[in-house]
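Structural overview for review
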Amino acid sequence: MKQVQWFPGHMFKSLREIREKIKLMDIIYLLIDARLPFSSMNPEILKIIGDKPTLLLFNKLDLADRKMLDYWVDYYEKKGFYTLLINSNSGFNVNKIYSRSKQILEEKILRAEKKGVTFKIMRGMILGIPNVGKSTLINKMVNKKATVTGNRPGVTKSQQWIKIHPDFELLDTPGVLWPKFDDKNVGYALAVTGAIKDDTLPIEEVVVYALEYLKKYYPKRLIEKYQISNINDITPHEILDKIAEQRGAFIKGGTTDYERVYTILLTDIRSKGLGPLSFDASQS
Ligand SMILES: Nc1nc2c(ncn2[C@@H]2O[C@H](COP(=O)(O)OP(=O)(O)OP(=O)(O)O)[C@@H](O)[C@H]2O)c(=O)[nH]1
Ligand SMILES: [Mg+2]
């Protein structure tokens, strides 16, 4: 894979601003994409967090393959993380975040009270890769549209404090990646799920990666969705031709309109057209 510019310059600034604010925080909420429990874990963020109390929030639970997710939840819990599975769109488990945070900070609160200091306001920072649902989560917690959201990476441009209750404040932050990734599959997994812009990696490579992956881990879903009879000996490009046939995606002269088929496939993957998925199976 050629050298990829997947870490735009403004993310250095965002990382610096996160580093500057970390001291103010009682707790960190690190959003992980439940479909990418490995690939959406940003090593730069982990370095910045250090030993701050951290609740890992596995978001987009509705889109994720539960079996594969359970493996990763266990993996992170064994590493000492607190975890919670959430769906920021429906609000599933979102109302547990406050009470879990109080539990996690119980000792800190007691220590403060012993010193005669009342623990007045709990401050938390929402961190995670682009498009993982940070701003959507905040809106759900505050029950109104306090932040801008959108289904593409890079929507939030600057940090923003939101008061959830009189004693609970959250800082929304722009999504950040990390400057260099060692495993090219991580890049592909982030591209397939829409965490990096569609033109960052060559889209054909991304789609071929997705199809090879689906053939390996979810062959039945491909068979059913695109009526494929010979899954074992069909190539990714032949699958694309099948999809074109099914959806009538041809250009003049009857050749496959690959650009359209790429979009159809990625939309199916991202919107549960192929059912709940995980793109981090290979790590387990
Ligand atoms: N299916 C599903 N979609 C979600 C969930 N949470 C957020 N989304 C969608 O994910 C997209 C991105 O949401 P945002 O809240 O803007 O993401 P963000 O992390 O703030 O992104 P940046 O500001 O770009 O870093 C939106 O289309 C949301 O509707 C969820 O739990 N399930
Ligand atoms: Mg945002």
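Residues numbered from 1 in each chain as written. Chains lettered and ligands numbered in written order. Predicted model: local features only at pLDDT ≥ 70, side-chain atom pairs only at ≥ 80, totals over all residues.

On to the overall build of the protein chain. Across its full length, the protein chain carries eleven helices and eight strands. Rg of the C-alpha trace for the protein chain: 21 Å, near the compact-globule value of 19 Å for 284 residues, within the 12% margin. Taken along the three principal axes of its C-alpha coordinates, the protein chain extends 80 × 35 × 35 Å. By the burial criterion, 36% of the 284 residues in the protein chain qualify as buried. Once local pairs closer than 6 in sequence are excluded, the contacts in the protein chain between residues at least 24 apart make up 65%. (Helix = DSSP H or I, 4+ residues; strand = E, 2+ residues; numbered from the N terminus. Rg over C-alpha atoms; globule rule 2.2 N^0.38 Å. Buried ≥ 20, exposed ≤ 12 C-beta atoms within 10 Å, placed from the backbone. Contact = placed C-beta atoms within 7 Å.)

Here we take up helix H7 (residues 184–192). Where burial is concerned, most of H7 is hidden: seven out of the nine residues are buried. Buried within H7 we find Val186, Gly187, Tyr188, Ala189, Leu190, Ala191 and Val192. After H7 finishes, the residue Gly194 shows a positive phi value of roughly 90 degrees.

With that out of the way, let us pick up unusual backbone geometry. Although it is not a glycine, Asn93 adopts a positive phi angle of roughly 70 degrees. With respect to the helices and strands, Asn93 occurs in the loop between strand S3 (82–85) and helix H4 (97–104). We note that Gln227 has phi near 50 degrees; this positive angle belongs to a residue other than glycine. Locating Gln227 in the fold gives a position in the loop between helix H9 (219–226) and helix H10 (236–247). Classification of Gln227 as exposed rests on a count of 11 C-beta atoms within 10 Å.

Here we come to the site of ligand 1. Lining the immediate environment of ligand 1, one finds 24 residues, of which Gly133, Thr136, Asn151, Thr156 and Gly175 sit closest. Counted by class, the shell around ligand 1 contains six nonpolar, 15 polar and three charged residues. (Near = placed C-beta within 6 Å. Nonpolar A, V, L, I, M, F, W, Y, C, P; charged D, E, K, R; others polar.)

It is worth spelling out helix H6 (residues 134–142) at this point. Buried residues dominate H6, accounting for seven of its nine residues. Listing the buried residues of H6 in full gives Lys134, Ser135, Thr136, Leu137, Ile138, Lys140 and Met141. Of the surrounding secondary structure, the elements contacted by the buried residues of H6 are strand S1 (27–33), strand S2 (54–59), H4, strand S4 (122–128), strand S5 (160–165) and strand S6 (168–172). Immediately beyond the C-terminal end of H6, within one or two residues, lies Asn143, with a positive phi of roughly 65 degrees.

With that settled, the discussion passes to the packing of helix H8 (residues 203–217) against helix H11 (residues 258–270). In the contact formed by H8 and H11, the axes pass within 11 Å of each other and the chain directions differ by 50 degrees. What the angle tells us is that H8 and H11 run oblique. The way H8 lies across H11 gives a crossing that is left-handed. Here Ile203, Val207 and Ala210 of H8 come into contact with H11, specifically with Tyr262, Leu265 and Ile269. (Axes fitted to C-alpha atoms, helices over the stretch in contact; angles between N-to-C directions. Parallel < 35°, antiparallel > 145°, perpendicular 65-115°, else oblique. Left-handed = near helix turned anticlockwise from the far one by under 90°.)

So, on to the sheet that holds S6. As summarised here, the arrangement of the six strands in space is S3-S2-S1-S4-S6-S5, forming an open sheet in which the pairing is mixed. The open sheet has two free edges, formed respectively by S3 and S5, since each of these has just one partner strand. Geometrically, the sheet is characterised by an average inter-axis angle of 25 degrees between neighbouring strands, direction not taken into account. As paired strands, S2 and S3 are joined by four bridges and run parallel to one another. Considered in S3, the bridge of Leu57 is made with Leu84. (Pairing = 2+ DSSP bridges.)

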